[in-house]
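# Observations on the model geometry
Spelled out from the first residue to the last, the chains are:
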Amino acid sequence: MKQHFWHIIALSIILVLSNVTSAAQSDTATVHPVKVSLITFYPGNEVFEVFGHSEILLSDSTGDYFINYGVFDFNSPGFVTRYIMGETDYLCAIMPPNMDGGIKEGRKRVKQDLNLTPEQAKKVWDILVWNVQPANRVYRYRHFSDNCSTRPRDVIETALGHELDYNQCNYIVGKTLRQVMSHYTRNYPWEQFGIDLALGAVCDTIIDARTHTFVPLFLMHALDSATVVSNGKTEPLVSNSTVITPGNDNGIVASPTPWYLTPMFFALLLFTITIVITLHDWRKSSPSNRERTKVVKSINKGISRWYDTILFTIAGLAGCLIFFIEFISTHEAVMPNYNILWLHPLLLLLAILPWIKKASQLLKWCHFVNLALIATMAVVWLSGLQAPNAAFIPIIAALAIRSLLNVIKLR
């Protein structure tokens, strides 16, 4: 998709100006005959494909038009900066099938023909023609509430004149946003780690059926169970469902990450190193050691001091990122994020103060505050306010152990 970005936009404009717009501006007394279908792509192997993808297919006498709300230009100036700020813009464009990067070998695609009246189908057509116009095609992407799946859903509901009843769909129901995302990122532990780090407690409440439709596969299953009233009779919304590209029901997701490359492995490695260094420090400062006084005076020297500096610098920088995402960026579902209790900018003080003379008392109180915040985080987890990633636990334990040791030794 990225390679053909400008080709897609140019072709989209040409098609709009030629066939689509001319048809849409035809005599309003005549309902333009059009068939509306939802195309669902199962998960792919790119990071932006793990949740799947949805498109609307419009078919009439002039041809087939795949309307795609998931077009973006990764190489546009400032894309990464805008993504971090939560200001990512996506486009609505007409996607030629032979240029659609989502069609890959083994990636399943399903077409659902919608049972709409001619007037309803014409309304879908008019909405999408308006949406692909250069002045209207850009929208602010939101992962849960405004994406390539929720946009087609909204178009269909607008054409019907009411919201659909999604409660009959039994595909991934009664879950939280975090649980749904964990399902789709199960083979991508680093992505899951980042999601659990950045997204807050809002993701740990049970979501309703309609909110589930931010996932294309849920929207597909929801439409399968939806009904409409036509000529006084209740009929299925989907008149026909066809697998147009065969593939695995799990998509073409990556193979599971080897255990030695997962966040948990590195978290346990960090915890093990922390235990080894802490036990070494503890033995040196034991009461039976005649050099206790000298050791206490040199607590913050050598390997121990360097280790604390590296550990709390990394944690403090991660805390700066969490602080930025929660309080400055415009991403949704990031506030409140209780991870700020154990990852916060003040941890940088624990990296700096050991190198400042006569700062031992301030350092001790900073470590004490850090322990109190970590204990509060544990209460949050136990209360169910926000669920942790399993790899967080060894990391937090390492931070707590180093703070506890410093509090004891700096008495």
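Throughout what follows, the structure given in this document is the object of discussion.

Reading the values: rules and limits
- Residues numbered from 1 in each chain as written.
- Predicted model: local features only at pLDDT ≥ 70, side-chain atom pairs only at ≥ 80, totals over all residues.
- Heavy atoms only, no water.
- Phe/Tyr/Trp six-rings, centres within 6.5 Å; stacked < 30°, edge-to-face > 60°.
- Helix = DSSP H or I, 4+ residues; strand = E, 2+ residues; numbered from the N terminus.
- Lys NZ or Arg CZ within 6 Å of the ring centre and 35° of its normal.
- Buried < 20%, exposed > 50% of the residue type's maximum accessible area, 1.4 Å probe, protein only.
- Pairing = 2+ DSSP bridges.
- Core = buried A, V, L, I, M, F, W, Y, C linked by side-chain atoms within 4.5 Å.
- Contact = heavy atoms within 4.5 Å.
- Salt bridge = Lys/Arg side-chain N within 4 Å of Asp/Glu carboxyl O.
- Arc of directions from axis to C-beta.

We now examine the packing of aromatic side chains. One pass over the full model with this rule turns up 17 aromatic pairs. With a centroid separation of 4.8 Å and 45 degrees between ring planes, the pair formed by Phe323 and Phe327 is classed as tilted. In this pair, Phe323 and Phe327 both sit in helix H10 (residues 302-327), four residues apart, roughly one turn of the helix. Site record: aromatic cluster; members linked through ring pairs are Trp190, Phe193, Trp259, Tyr260, Phe265, Phe266, Trp342 and Phe392. In this structure, Arg151 packs its charged tip against the face of Tyr139, placed 4.1 Å from the ring centre.

Glancing now at the pairing of strand S7 (residues 227-230). Residues Val228 and Ser230 line the buried face of S7, whereas the alternating positions Thr227 and Val229 sit on a face that is not buried. Sheet topology note: the S7/strand S8 (residues 233-236) ladder contains four bridges and is antiparallel. Each bridged residue has a counterpart across the sheet, and for Ser230 the counterpart in S8 is Lys233. In sequence, S7 turns back onto S8 through a hairpin of two residues, with Asn231 there showing a positive phi of about 55 degrees.

What follows covers the nonpolar core. Counting 62 residues, the largest nonpolar core has Leu58, Ile67, Met181, Leu223 and Leu237 as the members making the most contacts within it. The element contributing the most residues to this core is helix H7 (residues 216-225), with six residues. For Ile67, the contacting residues outside a window of four places in its chain are Glu55, Ile56, Leu58, Cys92, Ala93, Ile94, Leu128 and Val132. Core analysis: the second largest hydrophobic core is formed by 31 residues, Phe312, Ile322, Ile340 and Ile395 among them.

Overall, the coordinates contain 15 salt bridges when judged by the stated rule. Note that Arg107 is salt-bridged to Glu49, the shortest N-O span being 3.5 Å. Separated by 58 residues along the polypeptide, Arg107 in the loop between strand S4 (89-95) and strand S5 (109-114) and Glu49 in the loop between strand S1 (35-41) and strand S2 (53-60) bring together distant segments of the chain. Residue class for Glu49 comes out buried when judged on its relative accessible area of 6%. Between Asp204 and Arg178 there is a salt bridge, with its nearest N and O atoms 2.9 Å apart. Of the two residues, Asp204 is situated in the loop between helix H6 (189-198) and H7 and Arg178 in helix H5 (residues 177-184); the sequence distance between them amounts to 26 residues. Looking at Asp204, the relative accessible area reads 16%, which means it is buried. In this structure Arg178 comes out as buried when scored by relative accessible area, which is 4%. Salt bridges linked by common partners bring Arg153, Asp154, Glu157, Glu163 and Arg210 together as one network.

With that settled, the discussion passes to the environment of His143. Tracing the chain through its elements places His143 in the loop between strand S6 (138-140) and helix H4 (150-160). On the basis of relative accessibility, which here comes to 23%, the residue His143 falls in the partly exposed class.

Further remarks concern H5. Within H5 the residues assigned to the buried category are Leu177, Arg178, Val180, Met181 and Tyr184. Down the axis of H5, the buried set is contained in an arc of 160 degrees. They therefore lie on one face.

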